[in-house]
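Structural characterization, general
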There are 2 protein chains.
Amino acid sequence: MFKKIRRILVGKPLKNEALQDQKMGVLWGLPILSSDAISSVAYAGQEVLMVLIPAVGILAFRQLSYISIAIICLLMILMLSYRQVIDSYPNGGGAYVVAKENLGVLAGVTAGAALSVDYVMTVAVSISSGVEQFTTAFKVFKPYSVVIAVTMVILLMIGNLRGIRESSRMFGIPAYAFIIGMVVMIVAGFAKVSGGYVPPPAQNMPDVVKPLTLMLVLTAFSNGCAALTGVEAVSNAVPNFKSPSTKYAKRVLFLLSMVILVLFGGSSIIANIYHVNPSNGNAMLIMIAGEIFHNTKFDFMFYYITATTFIILVFAANTAYSGFPMLISIMAKEGYAPKQLSMRGDRLSYDNGIILLSVLASILMIVFKADVSKLIGLYAIGVFISFTLSQTGMFIKWRNNKGKGWMHRAIINGTGAVVSGIVVVIIAITKFKEGAWLVVILIPILILLIFKVKKHYEAVMRQLRLKPEEIANFDINKAVYRNRVIVPIESVNRSSLRALRYAKTISDNITAFSVVIDEADAKKIKEKYNSLNMDDIPLVVKYSPFRKVVEPMLKFIESAEYDYQNGDMITVILPQFAVKKWWHKFLHNNTRYSVEKELLKHKHIVVSVMPLQLRDDDFVLNNHKYD
Amino acid sequence: MFKKIRRILVGKPLKNEALQDQKMGVLWGLPILSSDAISSVAYAGQEVLMVLIPAVGILAFRQLSYISIAIICLLMILMLSYRQVIDSYPNGGGAYVVAKENLGVLAGVTAGAALSVDYVMTVAVSISSGVEQFTTAFKVFKPYSVVIAVTMVILLMIGNLRGIRESSRMFGIPAYAFIIGMVVMIVAGFAKVSGGYVPPPAQNMPDVVKPLTLMLVLTAFSNGCAALTGVEAVSNAVPNFKSPSTKYAKRVLFLLSMVILVLFGGSSIIANIYHVNPSNGNAMLIMIAGEIFHNTKFDFMFYYITATTFIILVFAANTAYSGFPMLISIMAKEGYAPKQLSMRGDRLSYDNGIILLSVLASILMIVFKADVSKLIGLYAIGVFISFTLSQTGMFIKWRNNKGKGWMHRAIINGTGAVVSGIVVVIIAITKFKEGAWLVVILIPILILLIFKVKKHYEAVMRQLRLKPEEIANFDINKAVYRNRVIVPIESVNRSSLRALRYAKTISDNITAFSVVIDEADAKKIKEKYNSLNMDDIPLVVKYSPFRKVVEPMLKFIESAEYDYQNGDMITVILPQFAVKKWWHKFLHNNTRYSVEKELLKHKHIVVSVMPLQLRDDDFVLNNHKYD
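Worth saying up front: this structure is predicted, and the values here are computed from it rather than measured.

It is worth spelling out the overall build of chain A at this point. Per the secondary structure count, chain A includes 23 helices and five strands. Taken over C-alpha atoms, the radius of gyration comes to 32 Å for chain A, far larger than the 25 Å a tight globule of 627 residues would show. Taken along its principal axes, the extent of the C-alpha atoms in chain A is 105 × 60 × 45 Å. For chain A, the residues scored as buried account for 49% of the 627 residues in total. The contacts of chain A with a sequence gap of at least 6 include a subset with a gap of at least 24, amounting to 80%.

What follows is the structure, encoded as structure tokens:
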């Protein structure tokens, strides 16, 4: 039944051949890769205001303009830096790869850990912001924010388990719809005030205005940096572009930067004109849209802005659903994460990674009540750590290779590295109390865990590796074990007979083994067994008041009676009832699992599981000679 | 690590021999078996008032006296009935046994289902009431009622997984302490008013008094019937008494009835004098204790009453922890419940039953917010259904056997049956809306499930059973399979070599099988394998883009290349990495489980799991000939 539900939700398994990415040009590449970056417009400016308004009141709007300019400068530096990453890594230059290749394993793993944290935050922040946009327009849903947010994550999870990657062009349209909507809103905003409209005075501004400290400005700036998360997406995705891929990628990166410039800059100016106060969990963009379009004949634009902003934020979260599982699958393949994270599921998606991401993001949203202002403290720091490592790696690369024009290139990436590094320090200091401490602690722990995992896999590898002389001298005919079989028998029935027959085919040294609770029980099974006439397979009966099997069996194996010789292999045959209905599982095989688990702790015991198919009806088993 | 936590919480495994119940006399038998019954005094009277006060106000207290008298009469009838059960079933006459033996399987199963529901309710009501007593005395804890209640259930669960049964005499002392405290309170209550004390007028009584309808009285009576749950405990426990056990059991039953009479009757009268109003989730007993002892030099008695009432209620819940797992283990042994419920855990307790009971009771307490008034609607109906079935069974027994004085005995049990049956109908009607509907629906569903389980086990049994001629004609030497072995190989390493060596010991028809992602991969494994010089074990290499093993293997088995003959048994050897640290489990064996699960769906495939012990350090494996 669970399987059926899974089928309905997740779809039929796909053939391996289905994994064929569609290559992108500029037209589709821009919207597909941009949703994470451009959607930040929906919360970055607003969270700058949220820091400033309580302190400096109405002056916050002017400060927002200055901070926006700083962030746009930062964007330009990053764009130039990442153009060079695209050129150098046409196979995809994620921070993990770039840092590992140029700075060594520790830096690579640090970038991997930082990025992993960032992907989780991308889901949590984008979905929470999406829900905030929606509930600002439809206030009646405000109390259900957390529920809606978690539901969205579950839907994303199901979608990604189904492998929505296939139809990734679908993701292009909403990005264009959002960009167009935003541009229209910005233009309409200017037009409306030019037409003589006077926006109402700012609401709920604090009466007492505190002095504007450097700390305050930097805190606001830290929040604004969330606008730049996602710029690295293009450089990771170079191989997904049509040929010449680096050219297309660079063009998309440039356009993406221009889009962010226009939307972030434009919305900051508009916010300055309409000075709406996004407190009490209201979304700034939606409030501005309300100011501009409500009570006009363009009221529908208000809903258009709400819908496209919501959708683009959900899509932004979705980018983490391809990035995170892919990143940890690469790490898992290299032994830096548990192997099962590197395996694709039925639908060719990395199921375990997708589920892990959804669980972590949901926990964050529940703990922080899907409140963007609270979550933003944990965001951006991970991204900027990976920016710094990636750019530093590039700088080292130029310095070592010293190709044509290396100096020029090194300066660009070096500037990128220094600026990103400064941002990391600023965020870590200003947002430490607001949650950055969590990330600051979490990343070293993750790094430690990653190395522990790697160390374990390496130890295993060493133990499994064969020396050349071992391979050369190997002679299987001289290396066989002495195999002895034990068949645990609950009663003499069709299942035990089948196990005995199988035992006979794999060994000549077989013992049937039974536990009984009392004398009568013992007598009964002995009599029935003896009537089978199996002189060469002795039946050993041991007392065990609660029919526990493992302990008496191990005791028997160790006893002089069994005469275990060092090096003997003992095969224990356990029947497994294969049942037709899902709930029948609860009725069978419970002993099998626990017995198997206990026995497998002993390295000389092989557990052979023999399936036996059961019916639920009265149909008599075919009395086939070999059933 | 989980194992360690379990060890600390649950204790070391016990040897089977440790299960030796201490036999009881009257002195210990009374308190040990009475906690469920006598603790009802803490909520039964109060819940009668809770029905009456909103309707008839102060008149409720007089009605309580009348209802108490009716309930005490009911108690006497049940006591006389159960004395006869004790005489007839010296090995323990639970309703399930008595009904099944005399009325047939359906009645037995119905009694079993009703009792199961009742045991869950006993835990939920007793613990909720215990917490109510406590929070009435210490109001600051009121908001945490549900948390405290669930914590208590978890503690009971852990205690019972540890097997607290061993020290069951411990349970005797609080029962006596409670009885003594209650008697002192009743006497002190009379003494105080005799000494001229005038209790304050009743608080929060309704202004408008409605007429007292029959429905109202019967609803109140239904709540009062909760006082009688637990009387059957003595007749279930006859074998636990010293010899002559039936004599001691009957004496204890008599004393128990007298104790209930005194405590329930006494507390009703005292409530009538002090007329406290137990609304807003306050406990009547504790309010009375407050009235009597607060602001006197006997103030400590208030805390004594609170503590002993709380403890006795927790102990009452604990009786369900021995009753429920025992009942379902008996049913499971007879095939009426999943087999794993019949198995004792490490500490000789029925772990699965204990956990199931805890989970169900916790769910109920969470759903009903640990509110006794809400839970009481579901209570008592289950008990009275089992009373009815048990007494009807006894009546039929006398009518059929017709021994000496059978008429007399039949009349007693017949009266018990009729009266209990009437109570069932009354509760079902009056409390239907308040939750009895849930029980009324649940019990038939449980009965259906029980029969489904039984039917399945019977079908399995039929399929496993051997005909006498099959046993007589069985010749194992003619029944062996042709065994062929497939060894999946990920790479040529120590683990695969070990699997191949084992394969060689059990068969001469072996195929090594490997999946690769590309040509280079294929070439690599082929070269390395060929250097092993195993001419008689061919290596089959198949392409599988994501290294999925099962599908290509099954395809290979079905192919002409493999030449599978009907009746062949195929053994697939899978390595299982035995790791030293708990978290290493997450790093290994994930494929093993899924591959095993898929393969075992095929009845001709045996899966042999070969353990391989891994270390986490650099220690090189002993190069033992047979490691």
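Now that the structure is up, let's keep going.
This part covers unusual backbone geometry. In this structure, the amide linkage connecting A:S243 to the following residue, A:P244, adopts the cis form with an omega of -5°. Mapped onto the elements, A:P244 comes out in the loop between α10 (233-236) and α11 (245-274). Here B:N295, not a glycine, exhibits a phi torsion of approximately 60°, which is positive. Using a count of 9 C-beta atoms within 10 Å as the deciding quantity, one classes B:N295 as exposed. Non-glycine residue B:A370 carries a positive phi angle of around 55°.

Further remarks concern the relation of the copies chain A and chain B. Superposing chain A onto chain B takes a rotation of 180° combined with a translation of 0.0 Å along the rotation axis, leaving an RMSD of 0.1 Å. In short, the pair behaves as if placed about a two-fold rotation axis. When you check the interface residues of chain A against chain B, 100% turn up at the interface there too, and the contact is symmetric in its surfaces.

Below, the discussion takes up the pairing of strand β2 (residues 510-516) of chain A. Every other side chain in a regular strand lies on the same face of the sheet, so the side chains alternate between the two faces. Residue and element names in this part refer to chain A. Counting buried positions along β2 yields six of seven residues, so the element is predominantly enclosed. Bridge analysis of strand β1 (residues 483-488) against β2 gives four bridges, and the strand direction is parallel. Counted as the bridge partner of V487 is A512 from β2. Since β1 and β2 lie parallel, the crossover through helix α20 (residues 494-506) that links them has a hand, and here it is right-handed. Pairing geometry for β2 and strand β3 (residues 539-543), over five bridges, is parallel. Note that in β3 the partner of F513 across the bridge is V540. Between β2 and its parallel partner β3, the chain crosses via helix α21 (residues 519-530), and the hand of that crossover is right-handed.

Our next topic: the sheet that holds strand β1 (residues 482-488) of chain B. Pairing within the open sheet is mixed, and its 10 strands lie in the order β3(A)-β2(A)-β1(A)-β4(A)-β5(A)-β5(B)-β4(B)-β1(B)-β2(B)-β3(B). This sheet does not close on itself; its edge strands, each paired only once, are β3 of chain A together with β3 (539-543) of chain B. When strand polarity is set aside, the average angle formed by the axes of neighbouring strands in this sheet is 30°. By the bridge criterion, nine bridges tie strand β4 (residues 568-578) of chain B to strand β5 (residues 605-613) of chain B in an arrangement that is parallel.

Here the focus is the interface of chain A and chain B. At the junction of the two partners, chain A supplies 67 residues and chain B supplies 67 residues. Taken together, the elements giving at least two residues each to the side of chain A that touches chain B come down to α18 (432-464), α20, β4 (569-578) and β5 (605-613) of chain A. Counting residues per element, the side of chain A that touches chain B draws most heavily on α20(A), at nine residues. Its residues assigned to classes, the side of chain A that touches chain B comprises 36 nonpolar, 17 polar and 14 charged.

Before going further, it helps to spend a moment on the environment of A:V609. Relative to the assigned elements, A:V609 resides in strand β5. As for A:V609 and A:I506, which are separated by 103 residues in sequence, their C-alpha atoms are 14 Å apart. Other than its neighbours up to four places away in sequence, A:V609 contacts A:L574, A:Q576, B:L600, B:V606 and B:V607.

With that out of the way, let us pick up the confidence of the model for chain A. All names here are of chain A. Of all residues in chain A, 92% attain a pLDDT of 70 or more, and the chain-wide mean is 85. The least confident element of chain A, judged by mean pLDDT, is helix α1 (residues 2-10) at 62; the most confident is helix α6 (residues 105-137) at 93. This model gives residues 617-627 a pLDDT under 50, and the stretch forms 10 contacts once residues within four places in sequence are excluded. In the predicted assembly, ipTM is 0.73 and pTM is 0.72.

By the assigned domains, chain A splits into domain 1 (2-457) and domain 2 (481-613). If you average the C-alpha positions of domain 1 of chain A and of domain 2 of chain A, the two centres end up 58 Å apart.

All names here are of chain B. Position of S342 among the secondary structure elements: in the loop between α13 (299-333) and α14 (351-367). Through-space distance from the C-alpha of S342 to that of A332 is 5.4 Å; in sequence the pair is 10 residues apart. Setting aside residues no more than four positions away along its own chain, S342 makes contact with S329, A332 and K333.

This brings us to helix α12 (residues 284-293) of chain B. Residue and element names in this part refer to chain B. Where burial is concerned, most of α12 is hidden: eight out of the 10 residues are buried. Of the surrounding secondary structure, the elements contacted by the buried residues of α12 are α3 (44-56), α6 (105-137), α8 (172-194), α11 (245-274) and α13. Phi turns positive one or two residues past the end of α12, at N295, with a value near 60°.

Reading the values: rules and limits
Residues numbered from 1 in each chain as written. Chains lettered and ligands numbered in written order. Predicted model: local features only at pLDDT ≥ 70, side-chain atom pairs only at ≥ 80, totals over all residues. Helix = DSSP H or I, 4+ residues; strand = E, 2+ residues; numbered from the N terminus. Rg over C-alpha atoms; globule rule 2.2 N^0.38 Å. Buried ≥ 20, exposed ≤ 12 C-beta atoms within 10 Å, placed from the backbone. Contact = placed C-beta atoms within 7 Å. Least-squares fit on C-alpha atoms with pLDDT ≥ 70 in both. Pairing = 2+ DSSP bridges. Right-handed = clockwise from strand over helix to strand, strands pointing away. Axes fitted to C-alpha atoms, helices over the stretch in contact; angles between N-to-C directions. Nonpolar A, V, L, I, M, F, W, Y, C, P; charged D, E, K, R; others polar. pLDDT = per-residue confidence, 0-100. Domains from an automatic or database assignment.

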